[in-house]
Amino acid sequence: MGKVKLATAWLDGCAGCHMSLLDMDEDLVGIASAVEFTRSPITDIKDFPEVDVGLVEGAIGNVAHEEEVRELRKKCKILIVLGDCACFGGIPSMRNRFSKEEVLRRAYIESESTKDGKIPSSPEIPPLLEQALPVGAVVKVDCFVPGCPPNARAIKYALTELLQGRIPVLPGEMMRFD
């Protein structure tokens, strides 16, 4: 049997979930021997190949995020979301109480550190969605690993279960909602 192919996506979040993945320390070496990392912030591969497992960190905040998660869902057999932002919207969803225009105006024009501010506009900047969304609001998710960030032990458990051919269901003691 070949290695399990895994791709990761970092959407609207802080990278804490990817840091928790790396916090598996020496356990990461054992998992890496059974997993081939394809697209991820670590590998800098730009396109998603067909993979067995997709890991997503962060909420869906703009059109590019939405396209990215739809593409990963199409290309993976099992999709896992890591962290409160991907599971529930997390910190990025705090903006959902305001309109998109209010958020952009506050960030680029009205902030205390801005002088002569202007809302950036370029075809290279993906349009902000009206609301930040959890990944499950856009695509089917097979496994949720909550936490901010999720515990490295929970990520290890989820990956180990997958490597043994099971869809991970986290035990209650591994669930973190902080």
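Please refer to the structure placed before this passage.
Just so you know, these numbers come straight off a predicted model, no measurement behind them.

Digging into the overall build of the protein chain
Step number 1: Summing up its helical and strand segments, the protein chain has 6 helices and 7 strands in all.
Step number 2: Mapped in sequence order, the helices and strands of the protein chain form the string β-α-α-β-β-β-α-β-α-α-β-β-α.
Step number 3: Expressed as lengths along the three principal axes of its C-alpha atoms, the size of the protein chain is roughly 60 × 35 × 30 Å.
Step number 4: Every one of the 178 residues in the protein chain was classed for burial, and the buried ones make up 41%.

Focus: the pairing of strand β3 (residues 51–57)
Step number 1: In terms of burial, β3 is a largely internal element, 6 of the 7 residues being buried.
Step number 2: As paired strands, strand β1 (residues 4–10) and β3 are joined by 5 bridges and run parallel to one another. When the bridges of β3 are listed, A9 appears paired with V56.

Let's talk about unusual backbone geometry
Step number 1: Cis geometry is found at the peptide bond from C148 to P149, where omega equals -10°.
Step number 2: Mapped onto the elements of the fold, P149 is located in the loop between β7 (143–145) and α6 (152–163).
Step number 3: Residues other than glycine seldom take positive phi values, yet D25 does so here, at roughly 50°.
Step number 4: Within the secondary structure, D25 sits in the loop between α1 (16–22) and α2 (26–32).

Notes on the side chain of T8
Step number 1: Here T8 shows up in strand β1.
Step number 2: By relative accessible area, which is 3% here, T8 ends up buried.
Step number 3: Only 3.0 Å separates the side chain of T8 from the side chain of H18, close enough to count as a polar contact.
Step number 4: Setting aside residues no more than four positions away along its own chain, T8 makes contact with H18, R39, S40, P41, F48 and L55.

Focus on the sheet that holds β7
Step number 1: Here we have 5 strands laid out as an open sheet, ordered β2-β1-β3-β5-β7, and parallel in their pairing. Of all the strands in the sheet, the pair left with one neighbour each is β2 (35–37) and β7. The sheet shows a mean angle of 25° between the axes of neighbouring strands, direction not considered.
Step number 2: By the bridge criterion, 6 bridges tie β3 to strand β5 (residues 76–82) in an arrangement that is parallel.

Criteria and cut-off values
- Residues numbered from 1 in each chain as written.
- Predicted model: local features only at pLDDT ≥ 70, side-chain atom pairs only at ≥ 80, totals over all residues.
- Heavy atoms only, no water.
- Helix = DSSP H or I, 4+ residues; strand = E, 2+ residues; numbered from the N terminus.
- Buried < 20%, exposed > 50% of the residue type's maximum accessible area, 1.4 Å probe, protein only.
- Pairing = 2+ DSSP bridges.
- Polar contact = N/O pair within 3.5 Å; in protein donor to acceptor, adjacent residues only side chain to side chain.
- Contact = heavy atoms within 4.5 Å.
- Axes fitted to C-alpha atoms, helices over the stretch in contact; angles between N-to-C directions.

Function cannot be read off these values alone, since they describe shape.
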